[in-house]
Amino acid sequence: MKVLALFSLIAPLASAVVIPDTDKVITYDGYRVVRIATHGRGQAIEKRLKTLNAVQYNFDTQERIEIAIAPEDLRKFEKMKLEYEVLDEDLGASIVAEGGFSPGSAGRKTISSLNELTPAAFPDLTWFNAYQTFEKHQQWLVDIQSGFPENSELIEVGRSYEGRPINGIHLWGKGGKDSKPAVLWHGTVHAREWISAMVVEYLTYNLITGYSLNDTQVHSILDNYDFYILPVVNPDGFVYTQKTNRLWRKSRQVRSSSCIGTDINRNWPFKWDTPGGSSKNACDETYRGEAAGDTPENTALTKHAETLVANKGIKLYIDWHSFSQLILLPYGYDCNRQVDNYERQMSLANGVASAIAGASSAKTRFKPGATCPSLYKAVGGSTDWMQDVGKAEISWCIELRPSGGGGNGFILPANQIKPSGEEMWQGMLHLLTTM
Ligand code: 0X9
Ligand code: ZN
């Protein structure tokens, strides 16, 4: 019966679309990453660059375009006579040096539920010395939860298109489970933004160890809020970045015969069909899907958020991304609309930025502002939904290291995981104790 039921689910899908062959490993050997000065002609330049085999890093093209160009198209690119500087001579070498890309191996033993795993040792800080596979992230959740059994539980909010669990951990303080307003964190919605899962876990680790060691600040934080933390909300895309294509952004849902994946951060069911700020083309990086909220991932995340709204409400939502070092407030869908509590959210964001800058000798600068106009028009984004439909008091997208001005975009060396986590911990301590 089970086999038959499964077949009847798969059969219509198989006959309707031919699955594109995207399993070929891309090493990015010899790819050159460049920053092109656009001088306000971003759109026209972007159009010309579309003729190259290349991966674009940013969509805010007013001043610059950062792009990784395949070796066979470098001469063609030179002939375009654009003004540019080189950010990375050989992206493939940087990906190897980063250490987490392992063609063909990662993702083989995907579990279908955290219940299948047994706790091993409580994690320590060496976890943050390297990027980790999806399977190891799952084990880490089980391990950290087992060391905080009275005040936490593992959560699964749904399944991805390929059937992986979208899961995380729920933490609470002395009021007991589900008794306080929610703090909701999402990591790795964009598959290639690896630093986001690591930083979200660093914060989780500090909350749990701080509470266990009776840190008074952490106690008051956990006593005031229920935390719902999902480090990897796009597991299919994440696994794909680990074994096939390090620069993949979207989900892995097959809908057309030529292109795969939806941008989960353009699929949220709020003002979804506003023109501009997302793409109707399934081949584009910001493909919005065929209907509002029609991906399995968005369905699961929306449903989970709705349960929090119906319970004690959402106090704080943060969607963790990289890169550019920004703290982005809504709205993304309308550049003229400001959130009702703009002054308050901006003052908190400025406080977070100061706490981050004061955190280390690195004096890392994060810039707060509304998504549009600070960055660009982005429609169907999580923070707009959380603010407007989810009635979150604070709803941010934080773009982690590196800055937009330097570094190699999504490829952040592993020795920056701990400093990124530490500065953000200082930022969150400020926010969670003043909000
Ligand atoms: O374009 C995005 O989705 C985000 N930038 S990224 O480079 N990480 O892709 C910004 C999203 C802004 N926030 C929301 N609209 N939710
Ligand atoms: Zn992102």
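Residues numbered from 1 in each chain as written. Chains lettered and ligands numbered in written order. Predicted model: local features only at pLDDT ≥ 70, side-chain atom pairs only at ≥ 80, totals over all residues. Heavy atoms only, no water.

K.L.:
Quick question: what am I supposed to make of the overall build of the protein here?
P.N.:
Along the protein, the regular secondary structure elements total 13 helices and twelve strands. For 435 residues, the compact-globule formula gives about 22 Å, and the C-alpha radius of gyration of the protein, at 21 Å, lands near that figure. Summarising its shape, the C-alpha atoms of the protein cover approximately 65 × 60 × 40 Å along the three principal directions. Considering only contacts within the protein whose residues lie at least 6 apart along the sequence, 77% involve residues at least 24 apart. For the protein, the centre of its 44 positive side-chain charges and the centre of its 49 negative side-chain charges are spaced 3 Å apart. (Helix = DSSP H or I, 4+ residues; strand = E, 2+ residues; numbered from the N terminus. Rg over C-alpha atoms; globule rule 2.2 N^0.38 Å. Contact = heavy atoms within 4.5 Å. Lys, Arg positive; Asp, Glu negative; His and termini not counted. Charge placed at Lys NZ, Arg CZ, Asp CG, Glu CD.)

K.L.:
How do you make sense of the side chain of Gln345 when you look at a structure like this?
P.N.:
Mapping Gln345 onto the fold places it in helix H10 (residues 342-357). Here the side chain of Gln345 touches Gln387 through a polar contact of 3.0 Å, side chain to side chain. In this structure, Gln345 is in contact with Leu329, Pro330, Val339, Gln387, Glu393, Ile394, Ser395 and Trp396, ignoring residues within four places of it in sequence. (Polar contact = N/O pair within 3.5 Å; in protein donor to acceptor, adjacent residues only side chain to side chain.)

K.L.:
Explain the site of ligand 1 here, please?
P.N.:
Not every one of the 16 residues close to ligand 1 is listed here, only the nearest: Arg249, Arg266, Tyr376, Thr383 and Glu399. Interatomic distance of 3.4 Å between a backbone N/O atom of Ser382 and a nitrogen atom of ligand 1. Side-chain polar atom of Glu399 to a nitrogen atom of ligand 1: 2.7 Å apart, as the coordinates give it. Elements with a contribution of two residues or more to the shell around ligand 1: strand S9 (314-324), helix H12 (382-388) and strand S12 (394-403). Per-class residue counts for the shell around ligand 1 are four nonpolar, eight polar and four charged. (Near = heavy atom within 4 Å. Nonpolar A, V, L, I, M, F, W, Y, C, P; charged D, E, K, R; others polar.)

K.L.:
Teacher, can you tell me more about the domain arrangement of the protein here?
P.N.:
Often, the extent of an interface is quoted as the loss of accessible area upon association of its parts. Per the domain assignment, the segments of the protein are domain 1 (11-97) and domain 2 (114-434). Where domain 1 packs against domain 2, one counts zero salt bridges. The tally of links between domain 1 and domain 2 comes to four residue pairs in polar contact (both at pLDDT 80 or more). Contributing elements (two or more residues each) for the side of domain 1 that touches domain 2: strand S1 (32-37), strand S2 (54-56), strand S3 (64-69), strand S4 (84-88) and helix H4 (91-98). For the side of domain 1 that touches domain 2, a count of residues per class yields 16 nonpolar, three polar and seven charged. (Domains from an automatic or database assignment. Salt bridge = Lys/Arg side-chain N within 4 Å of Asp/Glu carboxyl O.)

K.L.:
Is there a simple way to think about the coordination of the zinc ion (ligand 2) in this case?
P.N.:
Note on metal geometry: ideal angles are 109.5 degrees for four donors arranged tetrahedrally and 90 or 180 degrees for six donors arranged octahedrally. Within the protein, the atoms that donate to the zinc ion (ligand 2) are His190 (ND1), Glu193 (OE), Glu193 (OE) and His321 (ND1), at distances of 2.0 to 2.3 Å. Mapped onto the sequence, the donors of the zinc ion (ligand 2) take the spacing H-x2-E-x127-H. Of this pair, His190 sits in the loop between strand S7 (182-187) and helix H6 (195-212) while His321 sits in strand S9, and the two are 131 residues apart along the sequence. Comparing His190 with His321, the two get one shared label, buried. (Donors = N, O, S within 2.8 Å, 3.2 Å for Na, K, Ca; no water. Buried < 20%, exposed > 50% of the residue type's maximum accessible area, 1.4 Å probe, protein only.)

K.L.:
Looking at this structure, how should I read H4?
P.N.:
A turn of α-helix holds 3.6 residues, and therefore any two residues three or four places apart point the same way. When we look at burial in H4, the residues that qualify are Leu91, Gly92, Ile95 and Glu98. When H4 is viewed along its axis, its buried side chains cluster within an angular range of 120° and face the same direction. Turned more than 90 degrees away from the buried face of H4 sit Val96 and Ala97, all of them exposed. Buried residues in H4 make contact with S1, S3 and S4. Downstream of H4 by one or two residues, Gly99 has phi in the positive range, about 95°. (Arc of directions from axis to C-beta.)

K.L.:
Which parts of the structure should I look at to understand the nonpolar core?
P.N.:
Across soluble globular proteins, nonpolar side chains show a tendency to be buried alongside one another. Counting residues in each nonpolar core, the largest one holds 88 residues, and the members touching the most others are Trp185, Phe227, Trp320, Trp396, Ile398, Met424 and Met428. Among the elements that make up this core, the one with the highest residue count is H6 (eleven residues). Once you skip the residues sitting within four places of it in the chain, Phe227 turns out to touch Ile169, His170, Leu171, Val183, Trp185, Leu207, Ile221, Leu222 and Leu432. (Core = buried A, V, L, I, M, F, W, Y, C linked by side-chain atoms within 4.5 Å.)

K.L.:
What is the right way to read the sheet that holds strand S11 (residues 367-370) from this model?
P.N.:
Strand pairs in the sheet, formed through backbone hydrogen bonds, run parallel or antiparallel to each other. With mixed pairing, the eight strands of this open sheet are ordered in space as S5-S6-S8-S7-S9-S12-S10-S11. Of all the strands in the sheet, the pair left with one neighbour each is strand S5 (152-159) and S11. Taking the axes of each pair of neighbouring strands and ignoring which way they run, one obtains an average angle of 20° across the sheet. By the bridge criterion, three bridges tie strand S6 (residues 165-171) to strand S8 (residues 226-230) in an arrangement that is antiparallel. Bridging from a neighbouring strand, Leu171 pairs with Phe227 of S8. (Pairing = 2+ DSSP bridges. Axes fitted to C-alpha atoms, helices over the stretch in contact; angles between N-to-C directions.)

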